[in-house]
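Notes for the structure review
Next come the chains, spelled out residue by residue.
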Amino acid sequence: MKLETLKADLVERLGLEEAIKLAGKKTVPVHKHTFWYFWGGISLFSFLIQVVTGILLMVYYRPGPEAYESVRQITYQIQFGWLIRSVHNWSANFFLFSVFVHMFSVFLMKAYRRPREVGWYSGIALLLLGLTFGFSGYLLPMDELSFFATKVGMEIPNAVPIIGPPIANLLRGGLEVNEFTVQRFFALHVVILPLLYMPLLGLHLWMVQKHGNAAPPSEEAKEPSQRKTMPFFPNFVAQDLGVWLIVLNLISLLAALFPWQLGPQADPLAAAPEGIHPEWYFMSQFAMLKLIGRMIPGLAGEAAAMTLFTLGLVLWALIPVFDKDKTNTKRSRQVLYFGIFVILVLLSTTFMGFVI
Amino acid sequence: MKDEQEMVLTDPSSPSSPEDVSRRKFLQTGVFGACAVYIGAIGYPVFRYLNSPVEASQLASAVKEVTLDKANELAVGTALMFKFGTSPALLIHHADGSWVAMSAVCTHMGCTVKFDEGAKKITCACHGGVFDAATGENISGPPPRPLERYDVKVNDANVVVTKIS
């Protein structure tokens with residue numbers, strides 16, 4: 001009885017009636033594509049794993065000149081350090097993978113249309129921040145691979161005319177990747193990016209609560225009486241938690257069976273190892289730089305590839321501007337073809353990156 | 001007969017049926033059990049991970065004996081700070097030629113004490129604790145117990161300090 005009073009008091013003091021009312025009213029469309037609704041939640045869950053394992057890694061990680069040594073200790077000396085680090089790595093990959101699946105399923109279900117444009121824009125920003133998380137975190141162990149990945153990655157801002165080189169130098173904290181770079185990337189990875197990410201994520205999640213899940217056009221075309229829904233709470237939440245549990249098991253299994261390795265310490269005088277390539281989420285850009293570089297040699301090719309990529313990204317981000325109506329017009333078909341083209345280019349260049 | 005059948009059909013839908021209660025209890029136990037397994041499976045590695053340096057320093061503090069090279073040359077009336085396992089300790093060469101070694105961790109709040117060469121006493125700056133420099137007895141101030149004494153053996157090239165078991 002006392003517990004009940006406490007609960008009622010808390011609901012009143014914290015003004016939870018609104019949230020309870022919203023959660024009670026909220027429904028999730030049920031149709032043959034409902035499966036894709038889980039991918040936003042999977043992204044969120046793997047991000048939460050990143051936060052927890054990231055905090056744990058920070059307990060022993062030392063940025064700066066000792067970076068490599070501290071990661072070596074975490075991997076080989078600290079009890080279960082290898083596991084925590086491995087979960088952080090696997091979950092990072094899983095996070096970006098599920099973000100991509102989420103984004104493309106949102107695209108194909110046309111969930112970016114009015115009134116959900118803010119969800120799309122904030123999602124694109126979250127994706128870019130997520131990729132920056134990946135890029136900055138990759139340097140932190142300061143092994144051979146991370147050293148070269150950052151060295152190459154920094155060539156991209158460096159190629160921008162006039163303002164590029166000073167920006168690259170500021171990011172690196174010098175003319176080459178060094179211990180200052182690790183220190184800066186660490187600050188970026190654990191302070192600046194989370195500070196930007198969290199409020200955006202809050203906005204993104206609020207938009208989902210506000211507007212609900214979008215049904216694909218095939219469902220929208222149906223009579224309202226023919227559409228099926230399920231309550232968000234507890235039905236969808238329970239299913240969401242079930243999926244999270246599967247994800248947790250999968251990541252733990254991968255982390256335990258295929259622990260992330262630590263390469264030899266970065267040596268600024270050593271040659272780049274043979275067959276070096278970026279992580280899969282940067283593979284498309286990597287392959288495009290290589291391909292266009294073959295067609296147009298020199299700096300012009302690099303500039304062309306980067307312009308193409310930036311243009312593609314801007315167009316992709318602005319999709320809701322072109323296709324804003326609920327009805328299927330010629331424009332919305334064009335957007336669909338553009339999107340399918342983007343997906344095919346990304347998939348094929350990623351595949352090529354691993355082969356060429 | 002007909003009545004009985006109806007009863008059987010309607011019974012399970014009633015929340016107070018014993019079958020329903022036991023099914024609910026079974027599910028509840030199962031869910032709680034699974035949660036406990038997950039909490040354990042995540043909590044154990046996390047605890048061991050965080051506890052790792054504690055394990056390492058426990059191993060280091062299990063040291064029974066420390067050899068201090070050239071400490072036999074310590075001037076009369078002075079003291080030397082050294083590490084016994086993981087914590088600080090004092091080696092004092094008294095004016096009467098005797099050697100004393102003891103823990104330098106104040107028994108009051110764990111501050112590190114020092115040998116006052118003028119007063120020939122061991123003092124703690126934190127809360128004014130004073131110890132006897134020959135025996136480690138707590139003479140005045142808040143310390144509740146004497147400092148832990150060690151055995152000292154002076155050799156030609158070193159001093160060996162041993163824990164009194």
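Residues numbered from 1 in each chain as written. Chains lettered and ligands numbered in written order. Predicted model: local features only at pLDDT ≥ 70, side-chain atom pairs only at ≥ 80, totals over all residues. Heavy atoms only, no water.

Here we look at the sheet that holds strand 2 (residues 78-84) of chain B
Either a parallel or an antiparallel arrangement is found when strands of a sheet pair, and the pairing is made through backbone hydrogen bonds. Residues and elements named next belong to chain B. As a reminder, the rule being used: Here, a strand pair is defined by DSSP locating no fewer than two bridges between the strands. Only DSSP runs of H or I with at least four residues qualify as helices, and only runs of E with at least two residues qualify as strands; both kinds are numbered from the N terminus onward. Each axis is a line fitted through C-alpha atoms, and for a helix only the stretch in contact is used; angles between axes span 0 to 180 degrees, taken between their N-to-C directions.
Taken in spatial order, the six strands make up an open sheet running 1-10-9-4-3-2, and their pairing is antiparallel. A single partner strand is all that each edge strand has here, and the edge strands are strand 1 (65-69) and strand 2. Between one strand and the next, the sheet's axes are offset by a mean angle of 25 degrees, whatever the strand orientation. In this structure, strand 3 (residues 87-93) lies alongside strand 4 (residues 99-103), joined through five bridges in antiparallel fashion. Within strand 4, the residue paired with Ile92 across the bridge is Val100.

What about the interface of chain B and chain A?
Note the following rule: Residues are treated as being in contact if the distance between any of their heavy atoms lies within 4.5 Å. Buried area, as used here, totals the accessible surface that two parts lose on assembly, with accessibility defined by a 1.4 Å probe and the loss added over both. A side-chain nitrogen of Lys or Arg and a carboxyl oxygen of Asp or Glu constitute a salt bridge if their distance falls within 4 Å. As used in this structure description, the phrase polar contact means that two N or O atoms lie within 3.5 Å; if the pair is within protein, one of them must be able to donate a hydrogen and the other to accept it, and residues adjacent in sequence are counted only when both atoms belong to side chains. For this scheme, ten residues count as nonpolar: Ala, Val, Leu, Ile, Met, Phe, Trp, Tyr, Cys and Pro. Four count as charged, namely Asp, Glu, Lys and Arg, and the remainder, Gly too, count as polar.
Across the contact, eleven residues belong to chain B and 15 residues belong to chain A. Summed over both sides, the interface between chain B and chain A buries roughly 1,000 Å², with carbon and sulfur atoms accounting for 71% of that surface. Summed over the three residues of chain B that lose the most area to chain A, namely Tyr38(B), Pro45(B) and Tyr49(B), the buried surface amounts to 57% of that side. Linking chain B to chain A there are zero salt bridges. Taken together, the links from chain B to chain A amount to seven residue pairs in polar contact (both at pLDDT 80 or more). A class-by-class count of the residues in the side of chain B that touches chain A yields eight nonpolar, one polar and two charged.

Some points on the pattern of salt bridges
Put simply, the rule reads: Accessible area is worked out with a 1.4 Å probe on protein chains only. A residue is then buried under 20% of its type maximum, exposed over 50%, and partly exposed in between.
One pass over the full model with this rule turns up nine salt bridges over all chains. In this structure, Arg13(A) engages Glu12(A) in a salt bridge whose closest nitrogen and oxygen atoms are separated by 3.4 Å. Residue classification places Arg13(A) among the exposed positions, given a relative accessible area of 58%. Residues Arg48(B) and Glu55(B) are paired through a salt bridge, measuring 2.9 Å at the closest nitrogen-oxygen approach.

Comments concerning the environment of Gly164(A)
Considering the arrangement of structural elements, one finds Gly164(A) in helix 9 (residues 164-172). In this structure the C-alpha to C-alpha distance between Gly164(A) and Met154(A), which are ten residues apart in sequence, comes to 9.7 Å.

Focus: helix 13 (residues 283-295) of chain A
Spelled out, the test is: Expected span, for any helix, means 1.5 Å times one less than how many residues it has.
The end-to-end C-alpha distance of helix 13 of chain A is 18 Å, a good match for the 18 Å that 13 residues give at a rise of 1.5 Å each. Of the residues making up helix 13 of chain A, those classed as buried are Met283(A), Ser284(A), Phe286(A), Ala287(A), Met288(A) and Ile292(A).

A word on the confidence of the model for chain B
This is how the line gets drawn: Scored from 0 to 100, pLDDT reflects the predictor's confidence in each residue.
When pLDDT is averaged across chain B, the result is 90; 90% of the residues are at 70 or more. Note that pLDDT drops below 50 for residues 1-8 of chain B; the model gives that stretch zero contacts with residues more than four away or on any other chain.

A closer look at the domain arrangement of chain A
All names here are of chain A. Our working rule: Domain borders in the structure are assigned automatically or taken from a domain database.
By domain assignment, chain A separates into domain 1 (34-274) and domain 2 (277-356). Taking only C-alpha atoms into account, the centre of domain 1 sits 20 Å from that of domain 2. Contacts between the two partners involve 27 residues from domain 1, matched on the other side by 25 residues from domain 2. With both chains or domains summed, domain 1 and domain 2 bury close to 2,400 Å², and 69% of this area falls on carbon and sulfur atoms. The largest contributions to the domain 1 side of the interface with domain 2 come from Phe104, Phe107 and Arg113, which together make up 23% of the buried area.

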